[in-house]
Amino acid sequence: MTVAPLTPPQPLLEVSNLCVDFPSEGHTVFAVDDVSFTLAQGEITGLVGESGSGKSVTSMAILRLIQPPGKIRSGKLRFEGQDLLTLDDDAMRRVRGGGIAMISQNPANSLNPVMTVGDQLTRVIRLHLGLSRQEAYEEALRGLRQVEIHSPERRMVQYPHELSGGMCQRVMIAMAMAPKPRLIIADEPTTALDVTVQKQIIHLLDQLRQRHGVGVIFVSHDIAVVSQIADKVLVLYAGRAMEQGLVNQVLTAPRHPYTRALLASMPYLGASKLRQRVPVIPGHVPNPTAAIKGCIFAPRCAHRIDACTAERPVMVPVGNQGAVACLRAEELAEAPSRLTGVRI
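Structural notes, computed from the coordinates. (Residues numbered from 1 in each chain as written. Predicted model: local features only at pLDDT ≥ 70, side-chain atom pairs only at ≥ 80, totals over all residues. Heavy atoms only, no water.)

A word on helix α5 (residues 133–146)
- If you check α5, its first and last C-alpha atoms are 20 Å apart, about what 14 residues at 1.5 Å a residue would give, namely 20 Å.
- All of the buried residues along α5 are A136, E139, A140, L141, G143 and L144.
- The secondary structure elements touched by the buried residues of α5 are α4 (117–129), α6 (152–156) and α7 (165–177).
- Phi turns positive, to about 65°, at E148, one or two residues after α5. (Helix = DSSP H or I, 4+ residues; strand = E, 2+ residues; numbered from the N terminus. Expected span 1.5 Å × (residues − 1). Buried < 20%, exposed > 50% of the residue type's maximum accessible area, 1.4 Å probe, protein only. Contact = heavy atoms within 4.5 Å.)

Following this line, the structure appears as structure tokens:
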């Protein structure tokens, strides 16, 4: 008897060769330039990079929220096998919130200040699930309990300004989860929170993905935060993908010089005691309007060779599910990374 080979499960999200431009008078900003990655159901992928690396623009492109004159120049965005770039506006509105939800980095600004928490939650639930007012109220209470908000009945009648930053973020997570999405994009969800609340929010997102199998794109400039929650990580620099793979693989044995430099520049407990200075990456981020022919990190890279400025490196597979865009990746993999003090 012949046994048919197992077909690998279809990714929840496929981003292929995504390019997003912002044309302006006399020049064009290349915000995202040929970025690709996949996300499976129940998986968390961290998008990491400095400000201006293209993390948030990639997220907004997935939701098709790039405003003119910005445009998705090329690429494919497939969600549950459906190409999002082919959907009309009505169909895309149904995907937003219903299939893909977003949690912003500033919940106080995302919540309506003149509406109670309960009114905002029930409005979202009724819009997407078509429940009655009473059913929506009960569902909203369940959502607040799910995100571990104390006294949910009391919070339902309060306004956002009456809640702490951590509570507002929990309300945003409850609102994102209310329509039962399959994908959540969390854009810097812990940036404005103190360390204790950060850990609580990270734990909450991890619990929700385990319970409901929701996929999560976790956007952050903080590698330490990403290392606590993500299964995979994609490192972006000036709109281009530098390296991606399993989080432990990338952050403990980085192949790209930028990933190495980024990790080495992380402060850590004990640095001052040992009187060690945290190294910085020399130079500056390139002009986003410049059409750079070679490796975009080459001007700041201590390992560059002539070919780096003439030839653009492509992402090549390395290790277990990893990939790196560096002409010298194999050669540098054998050299020590000098990531003294990095803790994952």
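As for the sheet that holds strand β12 (residues 322–324)
- Reading across the sheet, the 8 strands line up as β6-β7-β8-β3-β9-β10-β12-β11 and stay open at both edges, with mixed pairing between neighbours. Two strands in the sheet have a free side with no partner beyond their single neighbour: β6 (100–103) and β11 (316–318). Geometrically, the sheet is characterised by an average inter-axis angle of 20° between neighbouring strands, direction not taken into account.
- Relative to strand β10 (residues 240–246), strand β9 (residues 232–237) runs antiparallel, the two sharing 6 bridges. From the neighbouring strand, V235 faces β10, where its bridge partner is E243. (Pairing = 2+ DSSP bridges. Axes fitted to C-alpha atoms, helices over the stretch in contact; angles between N-to-C directions.)

Examining the sheet that holds strand β2 (residues 27–39)
- Taken together, 4 strands build an open sheet; the order of strands is β2-β1-β4-β5 and the sheet is antiparallel. Among the strands making up the open sheet, the edge pair consists of β2 and β5 (82–83).
- Note that strand β1 (residues 13–24) and β2 share 10 bridges and pair antiparallel. Of the residues in β2, the one forming a bridge with L13 is L39.

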